[in-house]
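Examining the three-dimensional arrangement
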Amino acid sequence: MFKFEISAEDTDIIAFLIQKALNSINNITNQNYTEDTFPISLKEILVDKAVGEYLKLKNTLGELPENFETLAVSQIKEGDTTVSFSETSTDKKIDSLINMLLFSRDFELLKYRRLVW
């Protein structure tokens, strides 16, 4: 979907953000998953959260690539039908994308929730 160049310096940051996403999932589910015991069925959610954290960091630091803003679609035309989205700023669209990656699938984690006494 996105082509994004990762620098060599970012590998340690990405490892930290993957662990942060894993901790978030562990907090929601009251589990103690590690990279070895993590359920394969939750891997997509872990990836979404880690990518969301990375994009949030890059956006905060102002280090998103120039072409990233072009991914924010404002209008789609198919044949004689045109769908226009609201005239929100590119920053709001990027923030919405990041929030979608971070939080939109949290309800799926409820299946894996363990009660703690």
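Look up: the structure comes first, before these words.
Attention in this report is confined to the structure presented alongside it. (Residues numbered from 1 in each chain as written. Predicted model: local features only at pLDDT ≥ 70, side-chain atom pairs only at ≥ 80, totals over all residues. Heavy atoms only, no water.)

Side note on helix H2 (residues 43-61)
Here H2 spans 27 Å end to end across 19 residues, near enough to the 27 Å set by a 1.5 Å rise per residue. Within H2, the full set of buried residues consists of Ile45, Leu46, Lys49, Ala50, Gly52, Glu53, Tyr54, Leu55 and Lys58. Residues of H2 that are buried make contact with helix H1 (10-29) and helix H3 (90-103). (Helix = DSSP H or I, 4+ residues; strand = E, 2+ residues; numbered from the N terminus. Expected span 1.5 Å × (residues − 1). Buried < 20%, exposed > 50% of the residue type's maximum accessible area, 1.4 Å probe, protein only. Contact = heavy atoms within 4.5 Å.)

A word on the nonpolar core
Counting 11 residues, the largest nonpolar core is built from Ala21, Leu22, Ile25, Tyr33, Phe38, Leu42, Ile45, Leu46, Ala50, Leu109 and Tyr112. Counting only elements with at least two residues in this core, the list comes to H1 and H2. Sequence-distant contacts of Ala21, defined by excluding residues within four places in its chain, comprise Leu46, Lys49 and Ala50. (Core = buried A, V, L, I, M, F, W, Y, C linked by side-chain atoms within 4.5 Å.)

Remarks on the side chain of Lys49
Assignment of secondary structure puts Lys49 in helix H2. Lys49 gets classed as buried once you look at its relative accessible area, which sits at 4%. Side-chain polar atoms of Lys49 contact the side chain of Asp106, separated by 2.8 Å. With near-sequence residues (within four places) excluded, Lys49 lies in contact with Ala21, Ser24, Ile25, Ile28, Leu101, Leu102, Asp106 and Leu109. (Polar contact = N/O pair within 3.5 Å; in protein donor to acceptor, adjacent residues only side chain to side chain.)

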